[in-house]
Amino acid sequence: MSRRAVVIDDDPLSREFLVEALRTSAFHVEEAPCGEDGVALVERFDPEIVLTDLRLPGMDGVEVLRACRERNPELSVIVLTAFGTVERAVEAMKAGAEDFLLKPVSPEQIELVLGRLDGRRRLEKENRAMKASLPADADVFRDIVGGNRQFIEALQLAERVAASDATILVRGDSGTGKELVAGLLHRASGRRSGPFIRVNCAALTESLLTSELFGHEKGAFTGAHQKKEGRFELASGGTLFLDEIGEMPSEVQGRLLRVLENGEFERVGGTKTLKSDARIVAATNRDLEDGIECGRFREDLFYRLNVVPIRLPSLRERIDDIPALVSHFLVKFQREHGSVARSVSTEALALLRGADWPGNVRELANIMERACLIAKGETIGVQDLTLPQRRSKQPTATVGITLEEMERQLILGTLESTGWNRTHAARILGVTARTLSNKLKVWRARGLVKAEM
Ligand SMILES: Nc1ncnc2c1ncn2[C@@H]1O[C@H](COP(=O)(O)OP(=O)(O)OP(=O)(O)O)[C@@H](O)[C@H]1O
Ligand SMILES: [Mg+2]
């Protein structure tokens with residue numbers, strides 16, 4: 001089926017020329033001498049391109065353009081203008097004209113415009129195809145919060161390497177979001193419609209983990225009543241997420257190395273060599289280099305896994321993200337528990353910023369969840385937070401220390417956790433800033449705290 005075009009021009013010579021030029025470019029062309037007829041023709045003929053003169057008796061080119069695009073926003077309208085109507089031509093572009101041509105028009109100009117149009121169409125089509133290939137919830141960053149530079153760089157790296165089949169090692173302390181990033185790697189890859197399978201390498205004994213990963217044949221061991229497919233087979237066409245890889249027993253490490261090297265493995269008790277088509281993402285909060293040193297982790301496997309390491313910063317390294325994470329969790333728990341909390345007080349936020357966070361984002365999530373559940377009003381206060389304490393400096397009610405010493409430890413601890421903001425610390429402690437200053441002054445004079453404090 002040939003492509004269709006409509007030419008609208010009141011000047012018969014000009015019209016004839018345009019019709020000819022388009023026919024040369026293999027268009028099936030219909031023509032109209034005025035805007036009204038033109039619009040009616042467009043409706044009937046359903047072309048992909050309209051060439052219209054700007055100055056027309058009755059309805060002018062801009063009006064034609066508006067009328068046509070209202071019916072079909074995909075329609076490309078090219079406006080022809082003579083000298084002196086350039087302003088109106090600008091207006092036409094604003095109203096969505098694809099292009100405009102200055103009269104008198106040469107055949108080369110027409111060709112050029114058509115070429116441009118084709119290029120643009122192709123691009124649009126590719127974009128559409130790309131979007132269509134994404135799942136309905138196309139947001140690969142779903143539920144991942146953070147604006148910290150280091151964190152963003154880690155996410156960008158993840159996004160960049162997601163499309164490849166390269167093995168990725170996600171590193172970071174406990175609770176920093178490694179599993180979240182593994183999910184992102186899957187969603188942002190071409191395997192997104194395939195399975196995402198997680199195996200916790202720390203949770204199973206050596207033999208159970210082996211058969212879990214590689215499957216087993218019937219009768220391979222006592223209790224193997226049925227043949228079972230392993231996770232490597234189940235993850236075919238998708239992603240296999242090997243969590244806590246640092247805990248993987250050494251026998252399994254050897255088998256894994258072989259899969260990474262040539263994609264081959266056998267089921268436990270099986271003789272047939274199978275090929276794996278799973279993309280491997282591994283995660284660890286352990287220092288694998290240490291593991292190598294003490295012989296717990298195979299060095300050759302480490303190099304295979306560590307091709308693209310993605311390191312996630314600890315929460316202490318991204319304190320600037322705490323407010324955004326807090327808001328995220330407020331909304332999350334509001335949705336999940338119907339909690340009434342909508343915000344946190346300034347002091348509570350200061351306390352959260354100053355805390356230690358050995359458990360990172362997971363710990364923050366837990367504290368926020370608890371706070372959302374126990375908060376009485378819309379604002380979460382200091383009293384609703386059960387913060388992680390620095391174990392060594394935690395004031396403990398030990399028998400044998402004086403009340404005054406206890407007080408001193410509590411005050412110093414609070415000051416430290418608020419970044420030495422006396423106003424905040426005083427509010428948390430329920431005393432005035434002046435009381436706090438006075439106490440510090442006394443302790444300083446008695447040499448109980450450092451002079452600069
Ligand atoms: N950037 C983030 N935005 C929102 N939520 C996050 C973020 N990072 C982590 N979380 C949340 O914190 C919790 C812990 O994250 P995740 O399980 O991915 O951590 P992990 O690094 O795998 O921890 P572990 O080493 O203990 O397995 C999850 O509930 C996760 O949704
Ligand atoms: Mg994890």
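From a predicted model like this one, the values you see are computed outputs, not experimental measurements.

**Student:** What should I look at first to understand the overall build of the protein in this one?
**Tutor:** The helix and strand tally for the protein stands at 18 helices and 16 strands. Considered along the principal axes of its C-alpha atoms, the protein spans approximately 110 × 75 × 40 Å. Out of the 453 residues belonging to the protein, those deemed buried represent 44%. A separation threshold of at least 6 residues defines the contact pool for the protein, and within that pool the share at least 24 residues apart is 67%. Entry remark: accessible area of the protein is about 23,600 Å², with carbon and sulfur atoms responsible for 51%. Charged side chains in the protein number 64 positive and 68 negative. The centres of these two groups are separated by 7 Å.

**Student:** In this structure, what is going on with the site of ligand 1? I would like to understand it.
**Tutor:** Near ligand 1 you find 20 residues, and of these Val 145, Ser 174, Gly 175, Lys 178 and Arg 362 are the closest. Separating an oxygen atom of ligand 1 from a backbone N or O atom of Gly 175 is a distance of 2.8 Å. Contact distances for ligand 1 include 3.5 Å between an oxygen atom and a side-chain N or O atom of Asn 285. Summarising the interface, the protein chains cover 86% of the accessible area of ligand 1, which totals 630 Å² for the free molecule. A majority-of-atoms criterion places ligand 1 in the largest pocket.

**Student:** Please clarify how the domain arrangement of the protein should be interpreted in this entry.
**Tutor:** By a frequent convention, interface size equals the accessible area lost on bringing the separate parts together. Examined at the domain level, the protein breaks down into domain 1 (3-132), domain 2 (149-311), domain 3 (315-384) and domain 4 (391-445). A separation of 57 Å is found between the C-alpha centroids of domain 1 and domain 2.

**Student:** Explanation requested: the environment of Arg 192 in the structure shown.
**Tutor:** As for its placement among the helices and strands, Arg 192 is situated in the loop between α7 (178-187) and β7 (196-200). When the C-alpha atoms of Arg 192 and Gly 237 are compared, they prove to be 9.0 Å apart, with 45 residues separating the residues in sequence.

**Student:** Where do I start with the sheet that holds strand β13 (residues 279-284) in this structure?
**Tutor:** Strands pair in a sheet through their backbones, by hydrogen bonds, and they do so in one of two ways: parallel or antiparallel. The five strands are arranged β7-β10-β13-β6-β14 in an open sheet whose pairing can be described as parallel. The sheet terminates laterally at β7 and β14 (308-311), the two strands that pair on one side only. The sheet shows a mean angle of 20° between the axes of neighbouring strands, taken without regard to direction. Bridge analysis of strand β6 (residues 168-171) against β14 gives four bridges, and the strand direction is parallel. Directly across from Val 170, in β14, lies its bridge partner Ile 310.

**Student:** Explain the layout of surface pockets to me, please; I cannot follow it from the model alone.
**Tutor:** Looking at the largest pocket, its volume works out to about 630 Å³. Along the wall of the largest pocket there are 25 residues; nearest its centre are Gly 175, Gly 177, Leu 180, Val 361 and Arg 362. When residues of the lining of the largest pocket are traced back to their parent elements, those giving at least two are α7, α13 (322-337) and α15 (360-374). Among the residues forming the lining of the largest pocket, the class breakdown is nine nonpolar, seven polar and nine charged.

**Student:** Help me understand the nonpolar core in this model?
**Tutor:** Considering soluble globular proteins, one finds that nonpolar side chains tend to be buried as a cluster. Counting residues in each nonpolar core, the largest one holds 29 residues, and the members touching the most others are Leu 213, Phe 232, Leu 240, Leu 242, Ile 245 and Met 248. Counting residues per element, the ones that place at least two in this core are β7, α8 (206-214), β10 (239-243), α10 (250-262), β13, α11 (288-293) and α12 (299-305). Among all residues touching Leu 240, those that are not within four sequence positions of it are Ile 197, Val 199, Leu 213, Arg 231, Phe 232, Ala 235, Ala 278, Arg 279, Ile 280 and Val 281.

**Student:** What's the story with the packing of aromatic side chains in this structure? I'm lost.
**Tutor:** To describe a pair of aromatic rings, one takes the distance between the centres and the angle between the planes. Under the defined criterion, the tally for this structure stands at six aromatic pairs. Considering the side-chain rings of Phe 214 and Phe 265, the 5.8 Å spacing of their centres and the 50° angle between planes classify their relative orientation as tilted. On the criterion of sequence distance, the pair formed by Phe 214 in helix α8 and Phe 265 in strand β11 (residues 264-266) is long-range, its members being 51 residues apart. We classify Phe 265 as buried; its relative accessible area is 2%. Ring plane angle 35° and centroid distance 5.7 Å describe the contact between Phe 232 and Phe 265, whose orientation is recorded as tilted. In this pair, Phe 232 sits in helix α9 (residues 231-234) while Phe 265 sits in strand β11, placing the two residues 33 residues apart along the sequence. Note on Phe 232: relative accessible area 1%, which makes it buried. Feature note: the residues Phe 214, Phe 232 and Phe 265 constitute an aromatic cluster, connected by ring pairs. When the ring centre of Phe 151 is taken as reference, the NZ or CZ atom of Arg 318 above it lies at 3.7 Å.

The rules behind the values
- Residues numbered from 1 in each chain as written.
- Chains lettered and ligands numbered in written order.
- Predicted model: local features only at pLDDT ≥ 70, side-chain atom pairs only at ≥ 80, totals over all residues.
- Heavy atoms only, no water.
- Helix = DSSP H or I, 4+ residues; strand = E, 2+ residues; numbered from the N terminus.
- Buried < 20%, exposed > 50% of the residue type's maximum accessible area, 1.4 Å probe, protein only.
- Contact = heavy atoms within 4.5 Å.
- Areas by Shrake-Rupley, 256 points an atom, 1.4 Å probe, with all protein chains shown as cover.
- Lys, Arg positive; Asp, Glu negative; His and termini not counted.
- Charge placed at Lys NZ, Arg CZ, Asp CG, Glu CD.
- Near = heavy atom within 4 Å.
- Polar contact = N/O pair within 3.5 Å; in protein donor to acceptor, adjacent residues only side chain to side chain.
- 1 Å grid on protein atoms, 1.4 Å probe; cavity = no way out; pocket = protein on both sides within 12 Å on 5 of 7 lines; lining within 4 Å.
- Sits in = over half its atoms within 2 Å of the grid points.
- Domains from an automatic or database assignment.
- Pairing = 2+ DSSP bridges.
- Axes fitted to C-alpha atoms, helices over the stretch in contact; angles between N-to-C directions.
- Points joined across faces, edges and corners; volume = space filled by probe spheres on them.
- Nonpolar A, V, L, I, M, F, W, Y, C, P; charged D, E, K, R; others polar.
- Core = buried A, V, L, I, M, F, W, Y, C linked by side-chain atoms within 4.5 Å.
- Phe/Tyr/Trp six-rings, centres within 6.5 Å; stacked < 30°, edge-to-face > 60°.
- Lys NZ or Arg CZ within 6 Å of the ring centre and 35° of its normal.

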